[in-house]
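One-letter residues, chain by chain:
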Amino acid sequence: MSSQRLSRKEIKHEIRDDAFRHSVEASYDYVRGHRRNLLLGIGGVVLLALAVLGFRTWQQQRESGAGELLGQAIKVTEAPVVASGAKPDDPDAPSFADEKSRDARARQLLEKLESDYSGTGSADVGKVYLARLALLQGKVADARKLWQSFLDDHPDHMLAAAVRLSLLDLDRKDGKAERVVERLRADLDKDEKPLPEDVMLYELGETLEQLGRRQEAKDAYQRVADEYPDSAWASKAQTKVRELAPPGNVG
């Protein structure tokens, strides 16, 4: 029987082949031994993907439902009061016999929006309208809390400017006009202003006027008229300037 010696190169090649086969066999043995765990792991990934998809679908459905309810509530808040033939349940054009029943229905819808769809964007917007209703009832603290909560969560929302103005007005009516002046002047010095500058100047003028500081108020109104002639506030500011001018002076 003859024997054949392998060269060093052939030996290395055979070792590599053995190592490869061993690796494949070991991998196959691992798969066989851990098939259940692997299948569970793959299933878990699939379930996770389905769960994410399901959550997004559920979230979209909630937002859609919340948006519809908010739209209905807004229609009610803006519904007319009629002397006869009120249709409070009309989904497209509701009307009410008196403001009290209209506001009660609006509050009911907005509270349902918050309870059923809390955390959605529409429910957060609903707080702005709930605050308005609270203010109409004389519940100033409740209105302030709701508006501030909305502003804290949505400082850049399209309604944020209106909410800031409402809070400024509450502070003025609450005897905090001096604080409002300080806040407006500080905000006017900021690079990123929380409100348009013409609006803040006009609010500053109104607050100073309320405090009896007529010249300072006139100066603030004058800035609106001079620096923002195309502003929606310019005409009102010019009227205020004339009203605050000393007798015998113009402008």
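Calculation rules
Residues numbered from 1 in each chain as written. Predicted model: local features only at pLDDT ≥ 70, side-chain atom pairs only at ≥ 80, totals over all residues. Heavy atoms only, no water. Axes fitted to C-alpha atoms, helices over the stretch in contact; angles between N-to-C directions. Helix = DSSP H or I, 4+ residues; strand = E, 2+ residues; numbered from the N terminus. Parallel < 35°, antiparallel > 145°, perpendicular 65-115°, else oblique. Left-handed = near helix turned anticlockwise from the far one by under 90°. Contact = heavy atoms within 4.5 Å. Nonpolar A, V, L, I, M, F, W, Y, C, P; charged D, E, K, R; others polar. Phe/Tyr/Trp six-rings, centres within 6.5 Å; stacked < 30°, edge-to-face > 60°. Polar contact = N/O pair within 3.5 Å; in protein donor to acceptor, adjacent residues only side chain to side chain.

(A) Inspection of the packing of helix α8 (residues 197-210) against helix α9 (residues 214-227) at higher detail. It is the contact of α8 with α9, at a shortest axis distance of 7 Å, that shows an interaxial angle of 160°. Here α8 is positioned roughly antiparallel relative to α9, judged by the angle of their axes. For the crossing formed where α8 meets α9, the hand is left-handed. Judged by residue contacts, Glu197, Asp198, Leu201, Tyr202, Leu204, Gly205, Glu206, Leu208 and Glu209 of α8 engage Glu216, Ala217, Ala220, Tyr221, Arg223, Val224 and Glu227 from α9. In terms of residue class, the contact of α8 with α9 is made up of 8 nonpolar, 1 polar and 7 charged.

(B) Highlighting the packing of aromatic side chains. All chains considered together, the criterion is met by 2 aromatic pairs. With a centroid separation of 5.1 Å and 35° between ring planes, the pair formed by Tyr202 and Trp233 is classed as tilted. Here Trp233 lies in the loop between α9 and α10 (234-244) and Tyr202 lies in helix α8, a separation of 31 residues in the sequence. Among the aromatic residues, those joined into a ring-pair cluster are Tyr202, Tyr221 and Trp233.

(C) Representation of the environment of Tyr228 in the model. Here Tyr228 shows up in the loop between α9 and α10. Residues Tyr228 and Asp198 lie 30 residues apart in sequence; the distance between their C-alpha atoms is 6.6 Å. Beyond its immediate sequence surroundings of up to four residues, Tyr228 is in contact with Glu197, Asp198, Leu201, Arg223 and Ala234. There is a polar contact of 3.3 Å between the side chain of Tyr228 and the side chain of Glu197.

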